[in-house]
Amino acid sequence: MSKVLVISTSLRAKSNSDILTHRLIGGAKEAGHEVEHISLKGKKINFCIGCLACQETQKCVLNDDANIIAEKVKAADTLVFATPIYYYEMCGQMKTLLDRMNPLFPSDYRFRNVYMLSVAAEDEESTPKKAENGLLGWVDCFDKAILKGTLFCGGINDPGEADLKTRKLEEAYEFGKSLQ
Ligand SMILES: Cc1cc2nc3c(=O)[nH]c(=O)nc-3n(C[C@H](O)[C@H](O)[C@H](O)COP(=O)(O)O)c2cc1C
């Protein structure tokens, strides 16, 4: 059983990725995992300023919520990032968060398996690929970690619409159950 950290990055009310994330968490708990869920809603996360002080100190010079999240990311076995697709990429707030995880790069981080759930209006096979590849770029920098799995839920646009998508909700639950 793993310690799973799920990070929801949509800031919108009735977020579709949040709805699917809750179902994913249900599956992960059913599988016996210990799950912690963080939403970026209401969090203060500044842009990385690129000073690289963190590569010496393993601490960020900025003082905001990214540091608390970094500690949780460092201590989890398994990470799940949930994002809406914005312009065929992960949303900007997720990318900003990944950049701010730079203090973990020289650290003895624990996480190994990384997963992504993405949601978009379009439902083409290609729709999530750049976002998945973007996360892969981050994961590839952490030698002990791999991008273990992805779930794309396309064809969902209006706030709260995911609640009507029975099959996608089931897929999210099964995806949660399959986490390692
Ligand atoms: C700035 C912005 C860019 C978007 N870009 C895309 C896109 O490139 N492709 C797509 O299919 N949907 C796109 N969408 C639609 C969202 O992915 C869609 O509404 C999704 O359900 C939002 O998930 P959320 O409710 O969890 O935020 C975009 C939405 C916004 C706000």
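Residues numbered from 1 in each chain as written. Predicted model: local features only at pLDDT ≥ 70, side-chain atom pairs only at ≥ 80, totals over all residues. Heavy atoms only, no water.

Asker: How do you make sense of the pattern of salt bridges when you look at a structure like this?
Answerer: In a structure, side chains of opposite charge can pair up when their charged atoms sit close to one another. One pass over the structure, following the stated rule, counts nine salt bridges. Here Asp-18 ties to Lys-41 by a salt bridge, and the two come within 2.5 Å at their closest N and O atoms. With Asp-18 in helix 1 (residues 16–30) and Lys-41 in the loop between strand 2 (34–39) and helix 2 (54–57), the pair connects residues that are 23 residues apart, well separated along the chain. Classification of Asp-18 by relative accessible area gives buried; the value is 9%. On the accessibility criterion, Lys-41 (31% relative accessible area) is partly exposed. (Salt bridge = Lys/Arg side-chain N within 4 Å of Asp/Glu carboxyl O. Helix = DSSP H or I, 4+ residues; strand = E, 2+ residues; numbered from the N terminus. Buried < 20%, exposed > 50% of the residue type's maximum accessible area, 1.4 Å probe, protein only.)

Asker: Help me understand the packing of aromatic side chains, please; the structure alone is not making it clear to me.
Answerer: For any pair of aromatic rings, the description rests on two quantities: the centre-to-centre distance and the angle between the ring planes. A complete count under the given rule lists eight aromatic pairs for this structure. Three or more aromatic residues joined by ring pairs form one cluster here, namely Phe-81, Phe-105, Tyr-109, Phe-111, Trp-138 and Phe-142. Across from the ring centre of Tyr-109, 4.5 Å away, lies the NZ or CZ of Lys-144, which sits over that ring. (Phe/Tyr/Trp six-rings, centres within 6.5 Å; stacked < 30°, edge-to-face > 60°. Lys NZ or Arg CZ within 6 Å of the ring centre and 35° of its normal.)

Asker: Help me understand the side chain of Asn-16 in this model?
Answerer: Within the element layout of this structure, Asn-16 appears in helix 1. Note on Asn-16: relative accessible area 3%, which makes it buried. In terms of polar contacts, Asn-16 uses its side chain to reach the backbone carbonyl oxygen of Asp-158, at 3.0 Å. Dropping the residues within four chain positions of it, Asn-16 is found in contact with Val-119, Ile-156, Asn-157, Asp-158, Pro-159, Gly-160, Glu-161 and Ala-162. (Polar contact = N/O pair within 3.5 Å; in protein donor to acceptor, adjacent residues only side chain to side chain. Contact = heavy atoms within 4.5 Å.)

Asker: Would you explain the site of the ligand in this entry?
Answerer: Around the ligand there are 17 residues in total, and Ser-10, Ser-15, Ser-17, Ile-156 and Asn-157 lie nearest to it. Within the backbone of Ala-121, a nitrogen or oxygen atom sits 3.2 Å from an oxygen atom of the ligand. Contact with the protein chains removes 81% of the 640 Å² of surface that the ligand exposes when unbound. Among the residues making up the shell around the ligand, the classes are represented as nine nonpolar, six polar and two charged. (Near = heavy atom within 4 Å. Areas by Shrake-Rupley, 256 points an atom, 1.4 Å probe, with all protein chains shown as cover. Nonpolar A, V, L, I, M, F, W, Y, C, P; charged D, E, K, R; others polar.)

Asker: In this structure, what is going on with the sheet that holds strand 1 (residues 3–8)? I would like to understand it.
Answerer: The strands making up a sheet associate through backbone hydrogen bonding, with each pair oriented either parallel or antiparallel. In space, the five strands of this open sheet follow the order 2-1-3-4-5, with parallel pairing throughout. Among the strands making up the open sheet, the edge pair consists of strand 2 and strand 5 (146–153). If you compare each strand with its neighbour and ignore which way they point, the axes differ by 15° on average. Judged from the seven bridges that link them, strand 4 (residues 113–119) and strand 5 form a sheet pairing that is parallel. Across the sheet, Tyr-115 pairs through a bridge with Gly-149, a residue of strand 5. Strand contacts of helix 3 (residues 65–75): strand 1, strand 2 and strand 3 (78–84), with the helix running at about 145° to strand 1, the strand carrying the most contacts. (Pairing = 2+ DSSP bridges. Axes fitted to C-alpha atoms, helices over the stretch in contact; angles between N-to-C directions.)

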